[in-house]
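Tertiary structure, described
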Amino acid sequence: MAFQKAVKGTILVGGGALATVLGLSQFAHYRRKQMNLAYVKAADYISEPVNREPPSREAQLLTLQNTSEFDILVIGGGATGSGCALDAVTRGLKTALVERDDFSSGTSSRSTKLIHGGVRYLQKAIMKLDIEQYRMVKEALHERANLLEIAPHLSAPLPIMLPVYKWWQLPYYWVGIKLYDLVAGSNCLKSSYVLSKSRALEHFPMLQKDKLVGAIVYYDGQHNDARMNLAIALTAARYGAATANYMEVVSLLKKTDPQTGKVRVSGARCKDVLTGQEFDVRAKCVINATGPFTDSVRKMDDKDAAAICQPSAGVHIVMPGYYSPESMGLLDPATSDGRVIFFLPWQKMTIAGTTDTPTDVTPHPIPSEEDINFILNEVRNYLSCDVEVRRGDVLAAWSGIRPLVTDPKSEDTQSISRNHVVDISESGLITIAGGKWTTYRSMAEDTINAAIKTHNLKAGPSRTVGLFLQGGKDWSPTLYIRLVQDYGLESEVAQHLAATYGDKAFEVAKMASVTGKRWPIVGVRLVSEFPYIEAEVKYGIKEYACTAVDMISRRTRLAFLNVQAAEEALPRIVELMGRELNWDDHKKQEQLETAKKFLYYEMGYKSRSEQLTDRSEISLLPSDIDRYKKRFHKFDADKKGFITIVDVQRVLESINVQMDENTLHEILNEVDLNKNGQVELNEFLQLMSAIQKGRVSGSRLAILMKTAEENLDRRVPIPVDRSCGGL
């Protein structure tokens, strides 16, 4: 058996020794040819999609069941698997794709949201004279340009600042970043530049200014990762691929090749996770694109197969938007333990990460408190002392598992390249592993090339360079203005719809409910501080959303932006989905509980509860305790030792403020640690102590009670909107 070297990755045949490496001149010629193709429009290659809209999930299941044999069956609906399906179907191959969970439910929705070549990989390539690292960066920069072109509504260039605190680092980093521009060549987004200390602080005012020498700004791409993944899968479906989420592969089918006498993989036994129905899907070629679960599918084929994937966990946190400028990111090139941390504006919030630690493979990774605090400490090192970085300002946190390709004996995942590997087993199972989000398209191209060669399929070259993804073709930066003018949507909502659905935003707007207000005319929000509207729930079902978790995490991004807001929106989301999908009360309750469990464990809500519990210490000065007791007794007029909704309503009525009873219940429930329907004095003091320590921020009860105390005589309205809603 031999390893065969490919231009854009490594093709492994059976698992032996390295055989051939393309020469540099051949590689350079190939890349020049590819670059010339980067902006060729889709119409120059192929006809329009066969479906104006993606077929329903039910129709896709029937196609999977009734098709005698597909050319390609892809297992895995992440970025790479969806990319494989799109590449195959646009070459004219009869294609199917099945995903055990939802599209982008794994690693592909839990990234740093960057489309980048990898500055640190280029540094390693130069320092170690590693041609493979260089090729990976070169390829990624080419793919970055293509992805920004084919999905302009979901992606955009982002300037990223690299602050410099030592004079000797300025020329060192400047040379490195200029080389990054040089490697990008014609695909360079914008040229990097140097900023003086004063200009750097003007662009990033919350930056630590002590000992700051200056800064270097370079450009990479940023995207909405889950929506991008979904756009790839939907585009594949529109071009004729039979795609289905919540379809689990139970086992692989095999048959003996009559010509060679060898046993070959010939399809998969699939199970509909939602109904339990099982059936066979037969295919000439089966592709394993399951990310961290790569080795589990390989072992379905051969129980003795050696592991080729070493998983690494990357944790990210989301903080309020005021922690960073709206249009400037930050790169910490050397953290306290040598890792790289990004600090980026995203969806009007601030995202910080990532960590890089070995982990076990699990479908439900949980962000640890240790990793969250590591990121917070690194952020503190780069922000001004005027900015208090509080644990309570963490709005959401998640962990994603990177499927790194490595020697299984290696323990240092930080030094591993994310180059990809195409593995072809004895029975013909093709596995695509490793790589990175940015290079999903070229990974898919390599994989389908290998499938065509191995299984003698009749197809032409890849046609996905320049192929617009769903929503991108007729999008323009001013599209949102038409949504405002034609439908009466709020400008913020219209901008959000245009940036999420592209030219499909008009279809969402047509579904929008009338608000009953003078303005906006349509577009009822799911939660007040985010631009997501109820119509997106209905449209999300057309995009194959099957559960409430699908809706809060991947059709909308609420769970990734603010878990408290996501929890507040859940009842209405479940109600709307239940109406469309005919859920009974039991099903609705089940969906609600599952979604809350997802928020609690996978999106950082557990961390919030750990910051304020009935065992939390009360570390307050005696003077503070007296002050807070007086505030508490403004509401507990009867000196019962606790307050209820009735007590709060009484105080609000005395200052002529009306508040919905359900809202009051939610506000008190945030602090009611023993869940007995009332807030006791001790619970209130625990809350105020946690706020003082920075573990909790934005408590609506604390804000309400403080404002009421200050304004009882002045009779002014009390603001109770969530102030950042920190965890």
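Just so it is clear, the model here is predicted, and its values are computed rather than measured.

Describing the pairing of strand S19 (residues 396–405)
Counting buried positions along S19 gives ten out of ten residues, so the element sits mostly inside the fold. Residues Ala396, Trp398, Gly400, Arg402 and Leu404 line one face of S19 and the alternating positions Ala397, Ser399, Ile401, Pro403 and Val405 line the opposite face, and both faces are buried. Across ten bridges, the pairing between strand S14 (residues 309–319) and S19 is antiparallel. Each residue of the ladder has a partner; that of Ile317, found in S19, is Ala397.

Observations regarding the pattern of salt bridges
Under the defined criterion, the tally for this structure stands at 37 salt bridges. With a closest N to O distance of 3.2 Å, Lys284 and Asp71 form a salt bridge. Note that Lys284 is positioned in strand S13 (residues 278–288) and Asp71 in strand S4 (residues 70–75), a separation of 213 residues in sequence. Overall, the relative accessible area of 41% leaves Lys284 in the partly exposed class. A salt bridge links Glu590 to Lys587, with the nearest nitrogen and oxygen atoms 3.5 Å apart. Of this pair, Glu590 and Lys587 both sit in helix H19 (residues 585–602), three residues apart, which is roughly one turn of the helix. Judged by relative accessible area, which is 37%, Glu590 ranks as partly exposed. Given the relative accessible area of 27%, Lys587 is considered partly exposed.

Some words on unusual backbone geometry
With an omega of 20°, the peptide bond between Gly353 and Thr354 qualifies as cis. By secondary structure assignment, the location of Thr354 is in the loop between strand S17 (349–353) and strand S18 (357–358). You will see that Asn456, though not glycine, has its phi angle at about 55°, which is positive. Judged by its relative accessible area of 66%, Asn456 falls in the exposed class.

Quick look at the packing of aromatic side chains
Applying the stated criterion across every chain, the model contains 13 aromatic pairs. Pairing Tyr165 with Tyr382 gives two aromatic rings, centres 5.8 Å apart and planes at 75°, and the pair type is edge-to-face. Here Tyr165, found in the loop between strand S7 (155–164) and helix H6 (169–184), pairs with Tyr382, found in helix H10 (residues 369–382); they are 217 residues apart in sequence, far enough to count as distant. Clustering of aromatic rings is evident, with ring pairs tying together Trp168, Tyr172 and Tyr173. The aromatic ring of Tyr628 is capped on one face by Arg627, whose charged end is 4.7 Å from the ring centroid.

Regarding the UniProt feature "domain: EF-hand" (unreviewed entry) in the protein
Look at the UniProt record and you will see "domain: EF-hand" (unreviewed entry) annotated at residues 623–658 and 659–694. Each end of residues 623–658 is marked by a C-alpha atom, and these two atoms are 32 Å apart; helix forms 64% of the span and strand 6%. Between the end C-alpha atoms of residues 659–694 there is a gap of 28 Å, over a span that is 61% helix and 6% strand.

Remarks on the side chain of Arg144
Tracing the sequence through the fold places Arg144 in helix H5 (residues 131–150). Here Arg144 falls in the buried class, since its relative accessible area comes to 2%. Once residues within four sequence positions are removed from consideration, Arg144 is found in contact with Ile115, His116, Tyr180, Ala184, Asn187, Cys188, Leu189, Tyr219, Asp220, Gly221 and Thr438.

Here's the deal with the pairing of strand S16 (residues 341–346)
Taken across its six residues, S16 has six buried, putting it largely inside the fold. Here S16 shows a buried face lined by Ile341, Phe343 and Pro345 and a second buried face lined by Phe342, Leu344 and Trp346. Bridge analysis of strand S15 (residues 329–332) against S16 gives three bridges, and the strand direction is antiparallel. Residue pairing in the sheet places Leu330 in a bridge with Phe343 of S16. For S16 and S17, the ladder comprises five bridges, and the chain directions are antiparallel. Bridging from a neighbouring strand, Phe342 pairs with Gly353 of S17. Between S16 and S17, which pair antiparallel in sequence order, lie two residues; one of them, Gln347, sits at a positive phi of approximately 50°.

What to know about a nonpolar patch on the surface
On the surface, Met127, Trp168 and Tyr172 cluster together into a nonpolar patch covering about 390 Å² of accessible area. Assignment of secondary structure puts Met127 in helix H4 (residues 119–127). Classification of Met127 as exposed rests on a relative accessible area of 60%.

Digging into the layout of surface pockets
Of the voids in this model, the second largest pocket is the one considered here, and its volume is about 1300 Å³. In terms of lining, the second largest pocket is formed by 42 residues, of which the most central are Trp346, Gln347, Lys348, Gln495 and Ala499. For the lining of the second largest pocket, the secondary-structure elements that each account for two or more residues are S7, strand S9 (214–223), S16 and helix H13 (491–501). With six residues, the single largest contributor to the lining of the second largest pocket is H13. Classifying every residue of the lining of the second largest pocket by side-chain character gives 22 nonpolar, 15 polar and five charged. Composition of the lining of the second largest pocket by domain shows at least three residues from each of domain 2 (152–222 + 311–403) and domain 3 (478–609).

Examining empty space enclosed by the protein
Under the defined criterion, the tally for this structure stands at five cavities of 30 Å³ or more. Space inside the second largest cavity adds up to approximately 80 Å³. Mapped onto the lining of the second largest cavity, the elements with two or more residues apiece are helix H8 (225–238) and H13. A per-element tally of the lining of the second largest cavity places H8 first, with four residues. Three or more residues apiece are contributed to the lining of the second largest cavity by two domains, here domain 1 (57–109 + 227–307 + 408–455) and domain 3 (478–609).

Some remarks on the packing of helix H16 (residues 548–555) against helix H18 (residues 563–581)
In contact at an axis separation of 9 Å, H16 and H18 are set at 120° when each is read in the N-to-C sense. Helix-helix and strand crossings are classified by hand; for H16 and H18 the assignment is right-handed. From H16, Ala548, Met551 and Ile552 reach across to H18, where they touch Leu570, Ile573, Val574 and Met577. Tallied by class, residues from the contact of H16 with H18 come to seven nonpolar, no polar and no charged.

About the cut-offs
- Residues numbered from 1 in each chain as written.
- Predicted model: local features only at pLDDT ≥ 70, side-chain atom pairs only at ≥ 80, totals over all residues.
- Heavy atoms only, no water.
- Buried < 20%, exposed > 50% of the residue type's maximum accessible area, 1.4 Å probe, protein only.
- Helix = DSSP H or I, 4+ residues; strand = E, 2+ residues; numbered from the N terminus.
- Pairing = 2+ DSSP bridges.
- Salt bridge = Lys/Arg side-chain N within 4 Å of Asp/Glu carboxyl O.
- Phe/Tyr/Trp six-rings, centres within 6.5 Å; stacked < 30°, edge-to-face > 60°.
- Lys NZ or Arg CZ within 6 Å of the ring centre and 35° of its normal.
- UniProt positions renumbered as here; feature names shortened; annotations may be inferred.
- Contact = heavy atoms within 4.5 Å.
- Patch = residues over 30% accessible without salt bridge, like charges linked within 9 Å, V, L, I, M, F, W, Y side chains within 5 Å.
- Areas by Shrake-Rupley, 256 points an atom, 1.4 Å probe, with all protein chains shown as cover.
- 1 Å grid on protein atoms, 1.4 Å probe; cavity = no way out; pocket = protein on both sides within 12 Å on 5 of 7 lines; lining within 4 Å.
- Points joined across faces, edges and corners; volume = space filled by probe spheres on them.
- Nonpolar A, V, L, I, M, F, W, Y, C, P; charged D, E, K, R; others polar.
- Domains from an automatic or database assignment.
- Axes fitted to C-alpha atoms, helices over the stretch in contact; angles between N-to-C directions.
- Left-handed = near helix turned anticlockwise from the far one by under 90°.

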